[in-house]
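Chains, contacts and geometry: an overview
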Amino acid sequence: MTRVAFIGLGRMGHGMAGRYLDAGFTVTLWNRSKAKAEDLIARGALWATSPEDAAIDADAVVTMVADDEASRTVWLGLKGAAKTAKAGTIAIECSTVSYDHAREMGRELNARGLIYIDCPVMGLPDAAASGKLTLLAGADAADLERARPYLEPIGSTIRHFGAVGSGTVYKLINNLMGAIQIAGLAEGLAIAEQAGLDMNLVLESILSGVAASPQVQRHSRRMVARDFTGATFTAALRHKDAAYAVKLAESLLADKPLVSSAAVEAYDRARATMPDDDEGKMIELVSQPKKPS
Ligand code: NAP
């Protein structure tokens, strides 16, 4: 039976790993904290004691961890998957990492005989659990075809942007634009609140107006109601993605990316005080009345 090693069982990875079980793969799991694996083990997954252990005899290794540092640890760390993954294993990085990191991992893992694709995803945890993610692939075309059987269980759409790293470029600009929209929404609502407007009327007007992107639709009601239960995407992750995007922008554009840098700054404040809270909670930071002078 085809063997998949799945590493990283957070909000997204847990549902994605379950999709491989549903599709009949032999799935070996590793997560930094084992508790998140228990129900998947009860469904038939095997537990590995390290990424290195998980990758033994795997046909594909799929990772879904937080950031560059976590990705480096699970692939290239002392007990990293690259230690044992055999030549020809498909290495699929679904975590959102930086462009430089994706390209470096491609070089490092290719040098060890692995086939690497960067494959960050679009969609929330419910899409991860139901196999409806959009996969943003960066890979040689032949490598993508080899990886396809391992992508189909987790994604309903596969977009191939080009060589390794290109899926990550698209993911980073997508999440940077999201950061700008959410930070802008928080400030717009804050101004309206402090000016004493009827916030139900403001909400109705925003949702029927031209600024109502899906991001704005997703966050405006929750921001006005200050309802941040069931966080799907945290302030720390939004900051990380926007910061990686700005770093990439600075390497490509002649001028400093002003709007993007401001969004990173806004999310840096949110990350400092509420890293694990929903990204929309940043309105609590910006909607403070000005002190009388
Ligand atoms: P999450 O719930 O915070 O899970 C993060 C995962 O990374 C956990 O498995 C965590 O292990 C692991 N991890 C963190 N630091 C680690 C380290 N130093 N060494 C080993 N493992 C480490 O995050 P998520 O929402 O699932 O997001 C995962 C990735 O998907 C991120 O790159 C994120 O940007 C991206 N993404 C998220 C969404 C979303 O809606 N949430 C959507 C698209 C893409 P523990 O369980 O032990 O903490």
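Just so it is clear, the model here is predicted, and its values are computed rather than measured. (Residues numbered from 1 in each chain as written. Predicted model: local features only at pLDDT ≥ 70, side-chain atom pairs only at ≥ 80, totals over all residues. Heavy atoms only, no water.)

Attention now goes to the UniProt feature "domain: 6-phosphogluconate dehydrogenase NADP-binding" (unreviewed entry) in the protein chain. Sequence positions flagged by UniProt for "domain: 6-phosphogluconate dehydrogenase NADP-binding" (unreviewed entry) are, in local numbering, residues 3-161. The annotated region residues 3-161 carries 37% helix and 25% strand content, and the separation between its end C-alpha atoms amounts to 27 Å. (UniProt positions renumbered as here; feature names shortened; annotations may be inferred. Helix = DSSP H or I, 4+ residues; strand = E, 2+ residues; numbered from the N terminus.)

Turning to the packing of helix α8 (residues 166-194) against helix α12 (residues 258-273), a few remarks are in order. Two elements in contact, α8 and α12, have axes whose closest approach is 9 Å; the angle formed by their N-to-C orientations is 70°. As judged from the angle between their axes, α8 and α12 are roughly perpendicular. Seen from above, α8 lies across α12 with left-handed handedness. Contact residues: α8 offers L176, A179, I180, I182 and A183, while α12 offers V259, S260, A263, A266 and Y267. Taken together, the residues of the contact of α8 with α12 break down into nine nonpolar, one polar and no charged. (Axes fitted to C-alpha atoms, helices over the stretch in contact; angles between N-to-C directions. Parallel < 35°, antiparallel > 145°, perpendicular 65-115°, else oblique. Left-handed = near helix turned anticlockwise from the far one by under 90°. Contact = heavy atoms within 4.5 Å. Nonpolar A, V, L, I, M, F, W, Y, C, P; charged D, E, K, R; others polar.)

Among the nonpolar cores identified, the biggest contains 35 residues, and F6, M16, Y20, L29, I92 and C94 are the most heavily contacted of them. When residues of this core are assigned to their parent elements, the largest contribution, five residues, is made by helix α1 (residues 11-22). Ignoring anything within four residues of it in the chain, the contact list for F6 reads G13, M16, A17, Y20, V27, T28, L29, W30, V62 and M64. (Core = buried A, V, L, I, M, F, W, Y, C linked by side-chain atoms within 4.5 Å. Buried < 20%, exposed > 50% of the residue type's maximum accessible area, 1.4 Å probe, protein only.)

Attention shifts here to the pattern of salt bridges. Taken as a whole and assessed by the stated rule, the structure comprises 14 salt bridges. Notably, a salt bridge pairs D143 with R146, separated by 2.7 Å at the nearest N-O pair. Here D143 and its partner R146 are both found in helix α7 (residues 141-151), three residues apart, which amounts to about one turn of the helix. Residue classification places D143 among the buried positions, given a relative accessible area of 16%. Here R222 makes a salt bridge to D278, at a shortest N to O gap of 3.4 Å. Separated by 56 residues along the polypeptide, R222 in helix α10 (residues 214-225) and D278 in the loop between α12 and α13 (283-286) bring together distant segments of the chain. The class of D278 is buried, set by a relative accessible area of 3%. In this structure, a network of salt bridges that share partners links the residues R218, R238 and E279. (Salt bridge = Lys/Arg side-chain N within 4 Å of Asp/Glu carboxyl O.)

The next point concerns the UniProt feature "active site" (unreviewed entry) in the protein chain. The sites that UniProt annotates as "active site" (unreviewed entry) are K171. On the secondary structure map, K171 appears in helix α8. Classification of K171 as buried rests on a relative accessible area of 8%. Look past the residues within four positions of K171 in its chain and what remains in contact with it is T96, P120, V121, M122 and L136. At a separation of 2.8 Å, a polar atom in the side chain of K171 contacts the main-chain carbonyl oxygen of V121. (Polar contact = N/O pair within 3.5 Å; in protein donor to acceptor, adjacent residues only side chain to side chain.)

Following the criterion strictly, the structure yields four aromatic pairs and no others. With centroids separated by 6.1 Å and ring planes inclined at 50°, the aromatic side chains of F6 and Y20 adopt a geometry described as tilted. Of this pair, F6 sits in strand β1 (residues 3-7) while Y20 sits in helix α1, and the two are 14 residues apart along the sequence. Y20 carries the same exposure label as F6, and that label is buried. Aromatic ring contacts, followed pair by pair, group F6, Y20, F25 and Y150 into a single cluster. (Phe/Tyr/Trp six-rings, centres within 6.5 Å; stacked < 30°, edge-to-face > 60°.)

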